[in-house]
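So you can see what is in the structure, the chains are spelled out below.
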Amino acid sequence: MSAPRLEIHLEHLQHNARTMVNRLASQGIKITGVSKSTLGMPEIARTWVAAGVHSIGEARIESIEILNRCELGVPLLLIRSPMLSQVERVVAHAAISCNSELIVLKALAAAAACQGVRHGVMLMVELGDLREGVLAADLEAMVVLTLALPSLLLVGIGTNLGCQHGIAPDPTNMAELSRLINAMEARFGIKLEWCSGGNSANLPWLASGGKPGRINHLRLGEALLLGREPLTRKQIPGLYTDAITLVAEVIECKLKPSQPWGTPHSTSFSNEPTTSQITPQITPAQPMTRRALLALGEQDADPAGLSAAQLTIEGASSDHLVVSGATMKLGVGDEQRFQISYSALLRAMTSPFVSRCFI
Ligand SMILES: *Cc1c(COP(=O)(O)O)cnc(C)c1O
């Protein structure tokens, strides 16, 4: 098999999804499986649908289009606000999109009317992480406008925390979302289907006894794919953290001095030298360490997001990953498996040099 490659364990992914679907169902919460870090991989979306997710979420219209062709039998949700230049594609391929701009809503409405469809709209509310969403005070005006556009169907409101500033979902901001949906329903005499509380970062709040209130929907990516919640990167109890792993091949393995020598400056990927210690000459007394070079680099994965038992990641440049380990038994041609973070997964999936295989 070729390396580097992502090994995708579909049964483990199915287990993760089914576990979360069941766990959250007991709290009245349905799940959108967010496959964006896999670029909308149909096999994964199908696995999640079989596990009972309500819908599939994607950030980019290209991935929505791929999944739409797969006829998954569940709604597709565009979780990033549509680009004004892409509204026609959005209404043609996504059942629902997340929105926070009046001008985009008007354009979506025009495109939907033109195509003879009704497009679902989830209005995003800013609750402190300072990424997408209208301020709570402006929500009412957005609801008024959405309700006035007959080719749009207001399906609910949502929020997103944790991604930009790491602001955690907590009893205060989650209660605020419930208060807002109640207020909108009362003000306009309507019933909104979805109150979408957030992403994988909402799971610690729920696990610690947080009361869902009106929240009946979460959009989960990292939890389903990697079995971790993003706020502390802790494993979610009962989920696999190795459903997707990255395998790379060793291209050099040698005993080398433990410190570089010469005059240190910026490296190819950092403005800081990796060491402040100036060692002009190699010193014979220096301890030697066993170092292996893998054919994997910044172009393939985020090196900071790789880990393997008994191995220290010494660093990486475009095409090389340097690892060390006293008990390391690697030789040239051997393969090494790594657990990966969300950022490493995202980049590996995006790299044309990393192949994918299913087990
Ligand atoms: C990426 C994203 C998600 C999924 O986030 P995870 O942390 O992977 O669960 C949910 N909602 C929005 C709006 C996103 O951008």
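Everything numeric in this text was worked out from a predicted model, so none of it was measured.

Calculation notes
- Residues numbered from 1 in each chain as written.
- Predicted model: local features only at pLDDT ≥ 70, side-chain atom pairs only at ≥ 80, totals over all residues.
- Heavy atoms only, no water.
- Helix = DSSP H or I, 4+ residues; strand = E, 2+ residues; numbered from the N terminus.
- Areas by Shrake-Rupley, 256 points an atom, 1.4 Å probe, with all protein chains shown as cover.
- Lys, Arg positive; Asp, Glu negative; His and termini not counted.
- Charge placed at Lys NZ, Arg CZ, Asp CG, Glu CD.
- Phe/Tyr/Trp six-rings, centres within 6.5 Å; stacked < 30°, edge-to-face > 60°.
- Lys NZ or Arg CZ within 6 Å of the ring centre and 35° of its normal.
- Near = heavy atom within 4 Å.
- Polar contact = N/O pair within 3.5 Å; in protein donor to acceptor, adjacent residues only side chain to side chain.
- UniProt positions renumbered as here; feature names shortened; annotations may be inferred.
- Salt bridge = Lys/Arg side-chain N within 4 Å of Asp/Glu carboxyl O.
- Buried < 20%, exposed > 50% of the residue type's maximum accessible area, 1.4 Å probe, protein only.
- Pairing = 2+ DSSP bridges.
- Axes fitted to C-alpha atoms, helices over the stretch in contact; angles between N-to-C directions.
- Contact = heavy atoms within 4.5 Å.
- Right-handed = clockwise from strand over helix to strand, strands pointing away.
- Parallel < 35°, antiparallel > 145°, perpendicular 65-115°, else oblique.
- Left-handed = near helix turned anticlockwise from the far one by under 90°.
- Nonpolar A, V, L, I, M, F, W, Y, C, P; charged D, E, K, R; others polar.

## Things to note about the overall build of the protein
Then comes step 1: Check the secondary structure of the protein and you find ten helices and 16 strands.
Then comes step 2: A principal-axis box enclosing the C-alpha atoms of the protein has dimensions of 80 × 40 × 40 Å.
Then comes step 3: Counting every atom, the protein has about 16500 Å² of accessible surface; 55% of that belongs to carbon and sulfur.
Then comes step 4: Both charge centroids of the protein, one from 30 positive and one from 31 negative side chains, sit 4 Å from each other.

## Comments concerning the packing of aromatic side chains
Then comes step 1: A complete count under the given rule lists zero aromatic pairs for this structure.
Then comes step 2: For Arg187, the ring lying beneath its charged end belongs to Phe188, and the centroid distance is 5.0 Å.

## Quick notes on the site of the ligand
Then comes step 1: Every one of the 14 residues lining the ligand counts as a neighbour, but Lys36, Ser200, Arg219, Gly221 and Glu222 are closest to it.
Then comes step 2: Within the contact set of the ligand, an oxygen atom lies 2.9 Å away from a side-chain nitrogen or oxygen of Arg131.
Then comes step 3: Here Arg219 contributes a side-chain N or O atom positioned 2.9 Å from a nitrogen atom of the ligand.

## A look at the UniProt feature "domain: Alanine racemase N-terminal" (unreviewed entry) in the protein
Then comes step 1: The feature "domain: Alanine racemase N-terminal" (unreviewed entry), as annotated in UniProt, sits at residues 8-225 in this numbering.
Then comes step 2: Across residues 8-225, helical content stands at 44% and strand content at 19%; the span's end C-alpha atoms are separated by 9 Å.

## Comments concerning the pattern of salt bridges
Then comes step 1: Taken as a whole and judged by the stated rule, the model has eleven salt bridges.
Then comes step 2: A salt bridge links Glu335 to Arg5, with the nearest nitrogen and oxygen atoms 2.8 Å apart. In this pair, Glu335 sits in strand S15 (residues 335-340) while Arg5 sits in strand S1 (residues 5-8), placing the two residues 330 residues apart along the sequence.
Then comes step 3: Classification of Glu335 as partly exposed rests on a relative accessible area of 37%.
Then comes step 4: Shared partners join several salt bridges into a network, and the residues in it are Arg5, Glu7, Glu335 and Arg337.

## Concerning the sheet that holds strand S8 (residues 194-198)
Then comes step 1: With respect to topology, eight strands assemble into a closed barrel ordered S2-S3-S4-S5-S6-S7-S8-S9, the strand pairing being parallel. Across the sheet, the mean angle separating the axes of adjacent strands is 30° when strand polarity is ignored.
Then comes step 2: Of the strand pairs in this sheet, strand S2 (residues 30-34) and strand S3 (residues 55-58) are connected by three bridges, and their pairing is parallel. Bridging across to S3, Val34 finds its partner in Gly57.
Then comes step 3: In the packing of helix H3 (residues 61-69) onto the sheet, the strands contacted are S3 and strand S4 (76-78), and the crossing angle to S4 comes to about 175°.

## Things to note about the pairing of S3
Then comes step 1: Of the two faces of S3, the one carrying Ser55 and Gly57 and the one carrying Ile56 and Glu58 are both buried.
Then comes step 2: Here three bridges tie S3 to S4, and the two strands are oriented parallel to one another. Bridge pairing in S4 links Glu58 to Leu78.
Then comes step 3: The parallel pair S3 and S4 is bridged by H3, and the resulting crossover is right-handed.

## Some thoughts on the packing of helix H1 (residues 10-25) against helix H2 (residues 42-51)
Then comes step 1: Relative to each other, H1 and H2 sit at 40°, their axes nearing to 8 Å. By the angle between their axes, H1 is oblique relative to H2. In this structure, H1 crosses over H2, and the sense of that crossing is right-handed. Contacts between H1 and H2 involve Leu10, Leu13, Gln14, Ala17, Arg18 and Val21 from the former and Glu43, Ile44, Thr47, Trp48, Ala50 and Ala51 from the latter.
Then comes step 2: Residues belonging to the contact of H1 with H2 are distributed by class as follows: eight nonpolar, two polar and two charged.

## Here's the deal with the side chain of Asn16
Then comes step 1: Considering the arrangement of structural elements, one finds Asn16 in helix H1.
Then comes step 2: Its relative accessible area of 0% is what places Asn16 among the buried residues.
Then comes step 3: Side-chain polar atoms of Asn16 contact the backbone nitrogen of Tyr240, separated by 2.8 Å.
Then comes step 4: The residues contacting Asn16, other than those within four sequence positions of it, are Ala223, Leu224, Leu225, Gly227, Leu239, Tyr240 and Ala243.

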